[in-house]
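# Structural description and commentary
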Protein chains: 2
Amino acid sequence: MTELEKGPQGRRRGRGARERILSASQQLFREQGINRTGMDQLCAVAQVSKRTAYQHFTSKDELVAEYLRRFDPDVMPGVFDRTDLTPRERLLAAFEIPASAPLCPYIAAAVELHDPQHPASQYARDYKIAIAARLTETAREAGAINPEQLGEQLALLLDGAAARTRVLNSASFPTAAAIAAVLIDNAIPTASE
Amino acid sequence: MTELEKGPQGRRRGRGARERILSASQQLFREQGINRTGMDQLCAVAQVSKRTAYQHFTSKDELVAEYLRRFDPDVMPGVFDRTDLTPRERLLAAFEIPASAPLCPYIAAAVELHDPQHPASQYARDYKIAIAARLTETAREAGAINPEQLGEQLALLLDGAAARTRVLNSASFPTAAAIAAVLIDNAIPTASE
DNA sequence: CGTTACGTACACAGGTTGGTGTATTTAAGC
DNA sequence: GCTTAAATACACCAACCTGTGTACGTAACG
C-alpha cells in the first residue's frame, strides 16, 4: 500500500489532482459563476498547475461538462430512497431544501453557457428530465390519477423555487411546498373521499 | 417641425442614437446573453460609433440596467388591464404566453451578472415583486381567501415555467397554467359550493 | 460666415481570457 | 542508477474585453 491511489497509468502523487480540480470547480462555479471563474484562479484554488489541469481536461468546456455530470448522484441525495416515508411523504420531502442548499446549478449553467448544443446543457436537460421521471414514478406509487402530469408539475415547482430564490434572495421553497401539497391532494384520491 | 425630435440639447441627427442602442441591446442580449455581447458588436448592430455609445451610457453596466428597466411597461402588456375579463380570467391570462415570448430576461440577467448589488439585479427584484403584487391585487379582486399567498404562488409558477422553458427548450407554460387553475379554484370560494 | 454640439472613424491602452511551449522536478518501477 | 511518466513553474500567445483619446465631419443655429 505504498501507492495511495492508482490512477489511469498506475501512479499518483499529490492525492488526486483530478479530484481537487473538480472540487475547486464545484466551489468556484457556484460562488462566482462559470464565466467569471478563470482557469488561473481555479488552478490556484485546486493547488494544481495549469498545465496539469489541461492534461486532465482538454478544455474548460469539458471541465464544465464533467462538473455538471458530477451532480447526478449528489442532488436529491436520499429523497427517493427513504423507505421510512410513504410515497406521498417522499414527494413532499423533495421540497424540504435546507436553505443553504445546492441550489441547482443547472439553470445557471444553461443561462451562462447559452448554447443548447453545449454538452453541459445536454446534461442539464437530462438531469431535469430524470428528476421529473423520478417524481412521476413516485407519484405513480402514491396512487396519483395522472402521475406524468403530477411529476411534471412538481418538477416545475422545484425549478420555480430555485429560480425565484436566485433572483429574490429569499427562500421560495416553502411556497413551492405549499403548492405541492395542494397538487398532491388534488391528484391522489384519498380513502376519506 | 424642421427638427424631428428634440434631445437634451435641442438637436438630433440620425433619429435617436439612444433608441438604436437600446434596441440593439434588446436584440443581442436576448439572443446571445449579456456577457457574450461585446460593445463593439453592439455598436455595429446599432449603427452607432462606440464613442457616442459611451456618451449616452457611461458604462456597459449602466446600459444593461437601462435595458432591463425598459421592460417594466412592456412585459405583461395588457393582462391586468383587460376589463373584458373577470379577475379570475385575468389571473389565468397571465399564463398564456405566445410561445415565442419575451421569456423573462430578469432571471438570465440575475444569473449572468451574478452580483446582487448590481443595479440591474435590483431592477430584476423590483420587477418580480411588482408582478407578484399585481397578481395579489387581482387575486384579491377575484375574492381569494388569502390573496398574498395566491399571488406569491402564481408568481412562482411564472418563474418556474420561464426557467424550465429555458433549460428544456420545451414550453412549460401550459403546465403552469394547469397548476394555476387548480390553485385558483382552491383559493377562491365559488358560489356553487 | 462662424460657433456649437453631436456624431464618426480609428487606433490604442490596459486587462483578462483560454490555452500552450519549455525546461525542470519528483516519484515509482526495473 | 536509469528510465518513464506525471506534475510543476513560468513565460507566453492570440483573442477578446471595456473604455478612452484624437482628429475629423456635419448639421443647425446666430
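Residues numbered from 1 in each chain as written. Chains lettered and ligands numbered in written order. Predicted model: local features only at pLDDT ≥ 70, side-chain atom pairs only at ≥ 80, totals over all residues. Heavy atoms only, no water.

## Section: the packing of helix α1 (residues 17-32) of chain B against helix α2 (residues 39-46) of chain B
All names here are of chain B.
- Their axes nearest at 8 Å, the elements α1 and α2 cross at an angle of 125 degrees. Viewed along their axes, α1 and α2 adopt a mutual orientation that is oblique. Read as a crossing pair, α1 and α2 show a hand that is right-handed. Each of R20, I21, A24, S25, Q27, L28, F29 and Q32 in α1 lies in contact with α2, whose residues at this interface are Q41, L42, V45 and A46. (Axes fitted to C-alpha atoms, helices over the stretch in contact; angles between N-to-C directions. Helix = DSSP H or I, 4+ residues; strand = E, 2+ residues; numbered from the N terminus. Parallel < 35°, antiparallel > 145°, perpendicular 65-115°, else oblique. Left-handed = near helix turned anticlockwise from the far one by under 90°. Contact = heavy atoms within 4.5 Å.)

## What about the packing of aromatic side chains?
Residues and elements named next belong to chain A.
- Tallied over the entire structure, the rule returns four aromatic pairs over all chains.
- When the ring of Y106 is compared with that of Y127, the centres are 4.2 Å apart and the planes differ by 10 degrees; the resulting orientation is stacked. One end of the pair, Y106, is in helix α7 (residues 105-113); the other, Y127, is in helix α8 (residues 119-141), and 21 residues separate them in sequence. (Phe/Tyr/Trp six-rings, centres within 6.5 Å; stacked < 30°, edge-to-face > 60°.)

## Let's talk about the relation of the copies chain B and chain A
- The transform that puts chain B on chain A rotates by 180 degrees and translates by 0.0 Å along the axis, for an RMSD of 0.1 Å. These values place the two chain copies in the arrangement generated by a two-fold rotation axis. The position closest to the rotation axis in chain B is occupied by the C-alpha of G160 of chain B, lying 1.6 Å away.
- Taken together, the interface assignments show that 100% of the residues at the interface of chain B recur at the interface of chain A, consistent with an identical surface on both copies. (Least-squares fit on C-alpha atoms with pLDDT ≥ 70 in both.)

## Let's talk about the UniProt feature "DNA-binding region" (unreviewed entry) in chain A
- When the UniProt feature table is mapped to this numbering, "DNA-binding region" (unreviewed entry) covers residues 38-57 of chain A.
- The span residues 38-57 of chain A shows a helical share of 75% and a strand share of 0%, and its end C-alpha atoms are spaced 14 Å apart. (UniProt positions renumbered as here; feature names shortened; annotations may be inferred.)

## Comments concerning the nonpolar core
- L150 and L157 of chain A together with L150 and L157 of chain B are the most contacted members of the largest nonpolar core, which totals 119 residues.
- In contact with L150 of chain B, other than residues within four places in its own chain, are L91, A139, A144, L183, I184 and A187 of chain B. (Core = buried A, V, L, I, M, F, W, Y, C linked by side-chain atoms within 4.5 Å. Buried < 20%, exposed > 50% of the residue type's maximum accessible area, 1.4 Å probe, protein only.)

## Description of the environment of M39 of chain A
All names here are of chain A.
- Turning to its location among the elements, M39 is positioned in helix α2 (residues 39-46).
- In sequence terms M39 and Y54 are 15 residues apart; their C-alpha atoms lie 9.6 Å from each other.
- Residue contacts for M39: discarding those within four places in its chain leaves K50, Y54, K60 and L63.

## A few points about helix α1 (residues 17-32) of chain A
All names here are of chain A.
- Over its 16 residues, α1 runs 22 Å from end to end, which matches the ideal 22 Å to within 8%, given 1.5 Å per residue.
- Within the sequence span of α1, burial applies to A17, I21, L22, A24, S25, L28 and F29. Viewed along the axis of α1, the buried residues span an arc of 160 degrees, placing them on a single side of the element.
- Buried residues along α1 sit against α2, α3 (50-56) and α4 (60-69). (Expected span 1.5 Å × (residues − 1). Arc of directions from axis to C-beta.)

## What about unusual backbone geometry?
- One non-glycine residue, Q47 of chain A, lies in positive phi territory at about 55 degrees.
- Tracing the chain through its elements places Q47 of chain A in the loop between α2 and α3.

## Notes on the interface of chain B and chain A
- Taken together, the contact pairs 41 residues of chain B with 41 residues of chain A.
- Summed over both sides, the interface of chain B with chain A buries roughly 3400 Å², with 66% coming from carbon and sulfur.
- By the criterion of area lost to chain A, the three top residues of chain B are L156, R164 and V167 of chain B, representing 21% of everything that side buries.
- Counting the contacts that link chain B with chain A gives four salt bridges.
- The salt bridge involving D159 of chain A is made with R164 of chain B; its shortest N-O contact spans 2.6 Å.
- Where chain B meets chain A, there are 10 residue pairs in polar contact (both at pLDDT 80 or more). (Buried area = accessible area lost by both parts, 1.4 Å probe. Salt bridge = Lys/Arg side-chain N within 4 Å of Asp/Glu carboxyl O. Polar contact = N/O pair within 3.5 Å; in protein donor to acceptor, adjacent residues only side chain to side chain.)

## As for the packing of α8 of chain A against helix α9 (residues 147-168) of chain A
Residues and elements named next belong to chain A.
- Running from N to C, α8 and α9 point in directions that differ by 130 degrees, and their axes come no closer than 7 Å. Relative to α9, α8 is oriented oblique. Taken as a pair, α8 and α9 cross one another with a handedness that is right-handed. On the side of α8, the interface is formed by K128, I131, A132, L135, T136, A139 and R140, while α9 contributes P147, E148, L150, G151, E152, L154, A155, L158 and D159.

## Points about the side chain of T37 of chain A
Residue and element names in this part refer to chain A.
- Structurally, T37 can be placed in the loop between α1 and α2.
- The exposure class of T37 is buried, given its relative accessible area of 0%.
- Engagement of the side chain of T37 in a polar contact is seen with the side chain of Q32, the distance being 3.1 Å.
- Beyond its immediate stretch of four places on either side in the chain, T37 contacts L28, F29, Q32, L42 and K60.

## A word on the side chain of Q153 of chain B
- Structurally, Q153 of chain B can be placed in helix α9 (residues 147-168).
- Discounting residues that sit within four places of it in the chain, Q153 of chain B has contacts with T175, A178 and I179 of chain A together with L183 of chain B.

## Focus: helix α10 (residues 173-187) of chain A
- Its 15 residues give α10 of chain A an end-to-end C-alpha distance of 20 Å, which sits within 8% of 21 Å, the value for a rise of 1.5 Å per residue.
- Every buried residue of α10 of chain A is accounted for by F173, T175, A176, I179, A180, L183, I184 and A187 of chain A. End-on, the buried residues of α10 of chain A take up no more than an arc of 165 degrees, which puts them together on one face.
- Buried residues along α10 of chain A sit in contact with α6 (87-93) and α9 of chain A together with α9 and α10 (173-187) of chain B.

## Comments concerning the pattern of salt bridges
- In the structure shown here, the tally under the stated rule is 22 salt bridges over all chains.
- Among the ionic pairs, R140 of chain A bridges to E148 of chain A, the shortest N-O distance being 2.8 Å.
- With a relative accessible area of 45%, E148 of chain A lands in the partly exposed category.
- The partner of D159 of chain B in a salt bridge is K128 of chain B, with the nearest N and O atoms 2.7 Å apart. Of the two residues, D159 of chain B sits in helix α9 while K128 of chain B sits in helix α8 (residues 119-141), which places them 31 residues apart along the sequence. As far as the burial class goes, D159 of chain B and K128 of chain B line up, both buried.

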